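Commentary on secondary and tertiary structure
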Amino acid sequence: MIRKLLLICCCVLLVSLQGFAQTAKVTGRVLSAKDNLPLPGVSVSVKGSSNGAMTNVNGDFTVNVPAGKSTLVVSFVGFVAKQVEVTAGQTGVQVSLAEDIQQLNDVVVVGYSSKKQSELTSAVTVVNANKLKDVTANNVGTMLQGKVAGLQVVNSSGVPGANPEIRLRGVSSVNANQSPLFVVDGIIGGNYDPNDVESVTVLKDAASTALYGSQANAGVIIVTTKKAKQGQTKFEAKVASGFRTADFGKLNVMNSNELYDYQKEFYRDYIVGATDNTYKIDLAKFYSERPLSLRNQDYNWPKQSFKAAPMFNFYLSASGKTEKNDYYVGASYYNEKGTFLNTNYQRINLRANSTYHFSKKLDITNNINLSGNMGKSYDYMDVYYSFLNMPWDNPYDANGNAIYVDGNSTFKWWSRDKINPINTIQNSDHSYKGFDLNYDLGINYRITDWLTFASTNRVAAGFNKGTNYVSPTAAGTYHGTGYLDELNTLNYGIVSNQLLKFNFKLGDHDISGFAGAAFEGSNNEYSGASGKGLPEGLRVLNVVSNNQLVNGAFNKAYLQSLLSQVNYNYKEKYFLSASVRYDGSSAFAPTKQYGTFPSVSGAWLVSNEDFLAGNSVLNNLKLRASYGVTGTQDIGASRYLGLFSLTTQYNGLVGAVPYQLASPTLTWESKHQVNVGADIGLFNNRLTLAIDVYRNDTKNLLLQVSQPLSVGFETKWENAGNVINKGIEFGISSANIRNKDFEWNTDFNINFNNNKIYGLPADIVKTGSWSISQIYRNGGNLYEFYMPKWLGVDAQTGAPVWEKIIYDNNGKAVAREKTSDYAQATTQEVGSALPKFQGGFNNSFRYKNFNLRVSTYFNYGNKVFSNNLRFMMNDGHEPYYNQIKLPDGAKVWSGPGDTQATEPSPQNSANSTETSTRYLKDGSYFTIRNIAFSYNLPKQWARSISMDGISVGVTADNVATFSNFLGQDPQTTIQPGSFATPGVSDFKYPNNRQYLLTVNFNF
């Protein structure tokens, strides 16, 4: 028996030795063909066997091959795989891999996964970093303006650090938040710096957004931050510096002489009803009240209050790959001084992304982003006076100090409100500071070849403090007392997603998808205090002596979800995708907390059919269709509860007063979306087109519905009405010229959108600041202005004229007539604040090492109420406000028969500045959004100073705006608020033109 066992062992040993003798090692190195740098983590396998290896940090590999000749298969994500013939025992094999540009551009981050563009069944637009970096800004929204079909980006304020307002495919709700959901690195929410962004993906239809359920009602914008692409550590540094100037649009105020001559109209000999009017200007009286010396004092308030301001941005990053770890570290500093006095914004951001490969099965990702900001804001009234104060007032004394002015001042101060805003600004402060911290933990464990467990988790915290301080020495309400208001806000929460992902192939059938659960919890804490009675020089709350007010609040919310998706692909021709998300929100009563949000989509890649194989013209044709539902509960917490206010007192004790009616049946507002589209590629994709037609029907709007007087409350939260958005989008990209020395590429996009309201229980008229109203009615538009029509000036009397509509007993309009009685003027619908279409037209050029990019944006068909004109074209109602320079063709009425007059007589202008279409203007505009010119230094020059690449560029933002709008920049808020009405322009902080010099270093 022992003899037999020894014989078997000897045989096994001989076989093993024979096998060992028939293999030998092959060594080599894998490099990037682009820059000849080593690539770690590359797979090197022996074709036809199970032998293989992976390159180390230096790109080196060692692999066992059979005796004789063999073929090595060298592959790496993002590079074109290569097969290399080798001989057993060969050493020093060198393999160069070229980047797979098609593959790099083909992978799109959508929802909770990534897909190749050929597999997409939904309306998705990807903007890579190259198309973003032409604009230097503190936010991605500004960079996206004009680059995505259907994405409306409005820069409604030029205040330092301000974010733009963003709308995707119109506005689909009355009260819910309409800003798209931002997702950073696959997790909802999060902070980032624009310099750290690798790409931005915009999800437009429900097939792509429904996976985010109740938070995706307004679309989704996915931000993917940078990761390492190469083995060796690579550094990038960018320095941008320049200045900004305020853009006043067509709001040009009168200078001293222009205002002097204009005010002569106030002295015309005209008394309404008198029979002895001469209609001549009484110059003697004018000169006695307006001395000629006023012509010698000419202070330009806007020009001196808004000055050129410096801007600086610095960015440094490092990234690299090893066999076990991929890492990216970025740091940036952004400093923007405001064009308005005493305003600024600073931000510092630190990001570290790391993925550690524990094994072929397990990857752990750790991302952390820390940002801090601080700055100074402004008071609206200071901007108000900087436009309206008269040029006859000098704000400085002989020593250059800002003088104090109030109603008791003994010297002459012409401006109406006896306020010197420069003195106020110097004696007040509106500062803020804060920080945000995000930590992301991702676990990716490959259970089998086709099943993976993915866990993504984020812990977030943020703190912000805002202060409004007015010194006792400042003029106005708080003179002698001072005022201090502080508000502290603490936000913290978690987001956790646990998914099982599957992906397997059965012959010609590919099936992939995931299922799992998600949880979000957030807490918001507010505390603050304010009061008057500050000693001069002190600005702390514990010295406030009177009118003390303490406030605080605590809000807690959660969202728990189940989600799943299945994708099917047959022969790379036919694609189906279906998803469902089940959300439970604490915003509703327990019986109404849960909502289901499904979607289904399909696509046919026609160009992969045999009958189009080898077609030299049409090389890509995909037809898409989708349907899905998203929802919203974003109207604030506890709207379903009957609430009492505890902010009053009774007999020295806290008193409760009814505050809100209970709405126990309140539930989800849901948007049902249909999308049909096509993607077309012609002439080897030299020309690509994307066309989408959509209909979005938002049902069960969350509205404050009017209640009978007997109820005791004016409104109650209910689900009522729906909003329908219908539209069409076009996106076209073309490579017009492409050769070794010269390239010219063009991108064009346009979106047409129509918006209607149905199912309301009654007409709703919302009246905002300055009695500017908008009406919501069945069959009408959102943000529809509702006011009398201005018909000009009565040629015989110089009185303002409005339209009066005569109705019969059935409520039908039977006649229209003119009236100079504002009380009889008919209030009517006169246009919406939402545009009929908008888009962008962008061109990029390259000649050898020179690059030029010109980006433009256009917006058409919306109305803007220029509330500034109520004060600056006031017909003498406010003779101590400065006035706007009247446009060409404008003329003040001068006497009976003056048919050329466009402005009423100052002597007969009753109610002329009341709300009407006189100040409602066409908000259409075309803007040259950005011009960027750069030069890449020759490689040999860069390498002579140990650099891989150096580029130098100049950029100009908001270069020019072409519009008929009279007033400031026509970009006006489209976000309703307590002190804001969509489409109303009201002495905003002007937008800025920006001019920068930028230098990029890669090493």
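Treat the numbers as computed from the prediction; the structure is a model and nothing was measured.

A separate point is the side chain of K204. As for its position among the elements, K204 is in the loop between β15 (197-203) and α5 (206-209). Taking the relative accessible area as the measure of exposure, K204 reaches 6% and is therefore buried. One polar contact links K204 to T125, side chain to side chain, over a distance of 3.1 Å. Within the local environment of K204, its side chain forms a polar contact with the backbone oxygen of A149, the two atoms lying 2.8 Å apart. Aside from chain neighbours lying at most four places away, what touches K204 is A123, T125, V148, A149, L168, R169, T209, Q673 and E729.

What follows deals with the side chain of S909. For S909, the location among the structural elements is in the loop between α11 (868-872) and β49 (920-922). Judged by its relative accessible area of 6%, S909 falls in the buried class.

Turning to the sheet that holds strand β7 (residues 93-97), a few remarks are in order. In spatial order, the strands read β4-β1-β7; together these three strands make up an open sheet with mixed pairing. Bordering the open sheet on either side are β4 (60-66) and β7, each of which pairs with just one other strand. The average undirected angle you get between the axes of adjacent strands in this sheet is 35 degrees. The pairing of strand β1 (residues 23-32) with β7 spans five bridges and is classified as parallel. Each bridged residue has a counterpart across the sheet, and for V30 the counterpart in β7 is V95.

A separate point is a nonpolar patch on the surface. A cluster of nonpolar side chains, L350, I368, L370, F435, L437, Y439, V459, I494, F519 and Y558, forms an exposed patch at the surface whose accessible area comes to about 800 Å². Of all elements in the fold, only β21 (362-376) and β23 (431-446) reach the threshold of two or more residues within the nonpolar patch. Considering each element in turn, the nonpolar patch owes the most residues, three residues, to β23.

On the secondary structure map, L966 appears in the loop between β51 (949-962) and β52 (984-985). C-alpha separation for the pair L966 and K921, spaced 45 residues apart in sequence, amounts to 7.2 Å.

Core analysis: the largest hydrophobic core is formed by 46 residues, its most contacted members being L782, F785, F865 and M872. Elements represented by at least two residues in this core include exactly α9 (380-388), β35 (702-706), β41 (784-788) and α11. Here this core gets five residues from one element, more than from any other, and that element is α9. Residues in contact with M872, not counting those within four places in the same chain, are L251, V253, F387, L388, N882, Q883, I884 and F987. By size, the runner-up hydrophobic cluster in this structure holds 19 residues, among which are V135, I166, L168 and V200.

Let us now look at the packing of aromatic side chains. Under the criterion given, the structure shown has 58 aromatic pairs. Ring centres 5.5 Å apart and planes at 80 degrees place the aromatic pair Y384 and F871 in the edge-to-face group. One end of the pair, Y384, is in helix α9; the other, F871, is in helix α11, and 487 residues separate them in sequence. As far as burial versus exposure is concerned, Y384 and F871 are alike and both buried. Centroid distance F871 to F987: 5.9 Å. Interplanar angle 50 degrees. Geometry classified as tilted. Linking F871 in helix α11 with F987 in the loop between β52 and β53 (992-1002), this pair joins segments that are 116 residues apart in sequence. Just as F871 is buried, F987 falls in that class too. The ring of W414 has K412 lying over it, and the distance from NZ or CZ to the ring centre is 4.5 Å.

This brings us to α9. Three- or four-residue spacings in an α-helix give side chains the same orientation, since the helix completes a turn every 3.6 residues. Of all nine residues in α9, seven are buried, a share of seventy percent or more. For α9, the N-terminal capping position is held by D379, with its side-chain oxygen 2.8 Å away from the main-chain nitrogen of M381.

Moving on to unusual backbone geometry. Here the phi dihedral of N684 falls at roughly 60 degrees; this positive angle occurs in a residue that is not glycine. Within the secondary structure, N684 is located in the loop between β33 (669-682) and β34 (687-699). With a phi angle near 55 degrees, Y783 is a residue other than glycine that sits in the positive phi range. Look at Y783 and you get buried, because its relative accessible area is 2%.

The sheet built from four strands is open, its strands ordered β39-β40-β41-β45 with antiparallel pairing. The open sheet is flanked by β39 (764-767) and β45 (827-832), the only strands paired with a single partner. Put simply, the sheet's adjacent strands are angled 40 degrees from each other on average, direction ignored. When strand β40 (residues 773-776) meets β41, the two strands line up antiparallel, connected through two bridges. Residue pairing for β41: I775 is matched across the bridge by E784.

A few words on the confidence of the model for the chain. Low-pLDDT stretches of the model should not have their predicted coordinates read in fine detail. Mean pLDDT over the chain: 89, with 96% of residues reaching 70 or higher. Overall, residues 1-21 carries pLDDT values under 50, and its contacts beyond four positions in sequence, including any with other chains, amount to zero contacts.

With the rule as written, the count across this model stands at 34 salt bridges. Two residues, K226 and E236, come together in a salt bridge whose shortest N-O distance is 3.8 Å. With K226 in the loop between β16 (220-225) and β17 (234-246) and E236 in strand β17, this pair connects stretches of sequence that are ten residues apart. Between D692 and R624 there is a salt bridge whose closest N-O contact spans 3.0 Å. Pair noted here: D692 is in strand β34 and R624 is in strand β30 (residues 618-632), with a separation of 68 residues, a long-range link. Judged by relative accessible area, which is 5%, R624 ranks as buried. Taken together, the salt bridges that share partners define one network made up of R169, K204 and E729.

Turning next to the environment of R458. Relative to the elements of secondary structure, R458 occurs in strand β24 (residues 451-470). The spacing of R458 and L441 is 17 residues in sequence and 6.4 Å in space, taken between C-alpha atoms. Filtering out sequence-adjacent residues up to four positions away, R458 remains in contact with V184, I187, I188, G189, G190, N438, Y439, D440, G493, I494 and V495. Among the polar contacts listed, one links the side chain of R458 to the backbone oxygen of V184, at a separation of 2.9 Å. Separated by 3.2 Å, the side chain of R458 and the backbone oxygen of I187 make a polar contact.

In terms of strand pairing, strand β26 (residues 509-532) meets strand β27 (residues 546-570) through 23 bridges, oriented antiparallel. Residue pairing across strands places A517 opposite L562, the latter belonging to β27. Pairing analysis gives twelve bridges linking β27 to strand β28 (residues 574-585), with the strands arranged antiparallel. Bridge assignment links Y570 to a residue of β28, and that residue is Y574.

Following the sequence through the fold, R816 ends up in strand β44 (residues 813-819). Remark: the alpha-carbon pair of R816 and I806, spanning ten residues in sequence, is separated by 6.0 Å. Apart from residues no more than four positions distant in its own chain, R816 is found in contact with E803, K804, I805 and Q828. Side chain to side chain, R816 and E803 meet in a polar contact 3.0 Å long.

What counts as what
Residues numbered from 1 in each chain as written. Predicted model: local features only at pLDDT ≥ 70, side-chain atom pairs only at ≥ 80, totals over all residues. Heavy atoms only, no water. Helix = DSSP H or I, 4+ residues; strand = E, 2+ residues; numbered from the N terminus. Buried < 20%, exposed > 50% of the residue type's maximum accessible area, 1.4 Å probe, protein only. Polar contact = N/O pair within 3.5 Å; in protein donor to acceptor, adjacent residues only side chain to side chain. Contact = heavy atoms within 4.5 Å. Pairing = 2+ DSSP bridges. Axes fitted to C-alpha atoms, helices over the stretch in contact; angles between N-to-C directions. Patch = residues over 30% accessible without salt bridge, like charges linked within 9 Å, V, L, I, M, F, W, Y side chains within 5 Å. Areas by Shrake-Rupley, 256 points an atom, 1.4 Å probe, with all protein chains shown as cover. Salt bridge = Lys/Arg side-chain N within 4 Å of Asp/Glu carboxyl O. Core = buried A, V, L, I, M, F, W, Y, C linked by side-chain atoms within 4.5 Å. Phe/Tyr/Trp six-rings, centres within 6.5 Å; stacked < 30°, edge-to-face > 60°. Lys NZ or Arg CZ within 6 Å of the ring centre and 35° of its normal. pLDDT = per-residue confidence, 0-100.

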